[in-house]
Amino acid sequence: FTVLGIESSCDDTGAAVLRSDGVILGESLASQSEIHEEFGGIVPGLAKTAHEEKIDSVVNEAIARAGLNSVADVDAIGVTVGPGLEICLRVGCNKARELAMEHKKPFVSVHHLEAHILMARLPFDDKNAKFNVGGTEEVHESKRTVQFPFLALLVSGGHCQLMKCLGIGRYEIIGGTIDDSLGEAFDKTARLLGLPVGGGGGPAVEKLAKEGDPKAVELPIPLQKRKDCDFSYAGLKTAVRMKTEKIAAERGLDSVDDLSHEDKANIASSFQNVAIKHIEQRLKRTMDMLENEDGGIRSLAVVGGVAANQELRRRLEAICESRNEPWEMMVPPPRLCTDQGAMAAWAAIERIVVGSTDIPDNQEVYARFPFQSLS
Ligand code: ATP
Ligand code: FE
């Protein structure tokens with residue numbers, strides 16, 4: 001069967017048609033990065049208007065690219081209903097409800113974070129690069145997906161969590177952030193260094209970090225005294241700002257904007273290094289704990305926008321390989337780590353397979369949407 005998925009929880013309007021075996025038949029994504037670039041962050045009112053302007057064309061484009069004539073040709077519709085920006089979620093949700101009622105299609109409400117997690121279960125080939133775009137059966141042969149139960153590290157714009165994934169709708173949180181998320185820390189660092197932040201500052205920080213020395217600027221690893229699996233990035237964010245201002249003062253500069261490319265690269269690189277060190281420490285502790293449990297979990301899924309970061313992927317892969325009994329690690333291809341329509345479609349497919357569908361008529365959206373309310 002095929003599913004149309006719609007995603008509008010934040011600043012991307014996405015739609016995709018997926019086949020139930022995970023093949024992406026067609027997708028479309030309208031990013032608002034230019035709109036928000038000017039303001040240095042997401043402005044909800046502008047995001048909502050942009051979603052309203054794009055939603056029809058994005059849906060139509062996904063349908064056309066899938067080689068279908070109309071929404072009547074898909075078998076079900078899935079849409080993100082939370083968590084996220086309420087006025088943005090409502091644009092996608094209303095569109096999906098209308099379409100489901102008009103064409104009398106089964107309707108599935110999707111939890112945005114579950115959708116990020118489930119992307120690690122979308123069948124894709126071992127090289128980790130090519131997805132099954134276009135529906136070629138050969139590619140599908142080499143599929144590799146993570147099976148329940150597994151450990152998920154969700155690192156996104158709004159979340160930083162470690163959780164045990166037991167089944168569809170069944171998640172147990174092991175650790176979360178006590179303040180900022182990792183994505184936010186990347187975004188704030190980008191802004192501090194005057195890098196492009198529209199659509200998230202992460203990619204720009206990662207690029208600049210490649211040119212710097214990760215040990216050049218000394219920064220504290222967060223939560224050294226807390227022996228749990230929680231995260232904190234607010235202190236690191238402040239430390240990066242203070243160090244940056246100090247370096248500018250030492251150089252006799254009036255503003256951090258005037259720092260040399262080399263200084264900025266060293267700051268980006270040192271920030272990224274310590275930010276990932278924090279993840280490494282928390283992850284190792286979680287692995288120690290899980291390895292001592294019965295039916296021990298030995299698979300890790302790294303998901304959410306920051307999972308697109310190559311340095312993070314490389315270092316977590318190294319941890320998985322270095323365990324006494326190696327863990328397998330799954331991470332979606334970079335473009336499927338950040339928000340897009342395929343995640344809504346795939347999460348809907350996973351829900352339909354376990355017999356979970358909803359009624360479109362009065363479907364609400366939820367700014368906050370705890371995992372517990374899924375099961
Ligand atoms: P949430 O999913 O928690 O509701 P969101 O949907 O806004 O938040 P995502 O789209 O999952 O977040 O991820 C966006 C975040 O990922 C941004 O903070 C962005 O800077 C970060 N990001 C994207 N690519 C990279 C990268 N290559 N390196 C580091 N961070 C990245
Ligand atoms: Fe997201």
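See the structure printed just above.
These figures come from a predicted structure and were not determined experimentally.

**Q** Talk me through the environment of A115; I want residue IDs and the actual numbers.
**A** Take A115: it is sitting in helix α4 (residues 112-118). A sequence separation of 229 residues divides A115 from A344, and the C-alpha atoms of the two residues are 6.1 Å apart. In this structure A115 touches T80, V110, M343, A344 and A347, once residues within four positions along its chain are discounted.

**Q** Residues and numbers for unusual backbone geometry, please.
**A** At the junction of G82 and P83, the peptide bond is cis and its omega measures out at -10 degrees in the coordinates. In the segment running from F148 into P149, the intervening peptide bond is cis, with an omega of -10 degrees. Position of P149 relative to the elements: it lies in the loop between β7 (143-144) and β8 (150-155). Of note, L223 is a non-glycine position whose phi angle comes to about 50 degrees, a positive value.

**Q** Tell me about helix α3 (residues 86-102), and please be specific about residues and values.
**A** Over its 17 residues, α3 runs 24 Å from end to end, which matches the ideal 24 Å to within 8%, given 1.5 Å per residue. For α3, the full list of buried residues reads C88, L89, V91, G92, C93, K95, A96, R97, L99 and A100. On its buried face, α3 is in contact with β1 (2-7), α2 (44-65), β4 (76-82) and β5 (107-111). Positive backbone phi, at 50 degrees, marks K104, one or two positions downstream of α3.

What counts and how
Residues numbered from 1 in each chain as written. Chains lettered and ligands numbered in written order. Predicted model: local features only at pLDDT ≥ 70, side-chain atom pairs only at ≥ 80, totals over all residues. Helix = DSSP H or I, 4+ residues; strand = E, 2+ residues; numbered from the N terminus. Contact = placed C-beta atoms within 7 Å. Expected span 1.5 Å × (residues − 1). Buried ≥ 20, exposed ≤ 12 C-beta atoms within 10 Å, placed from the backbone.

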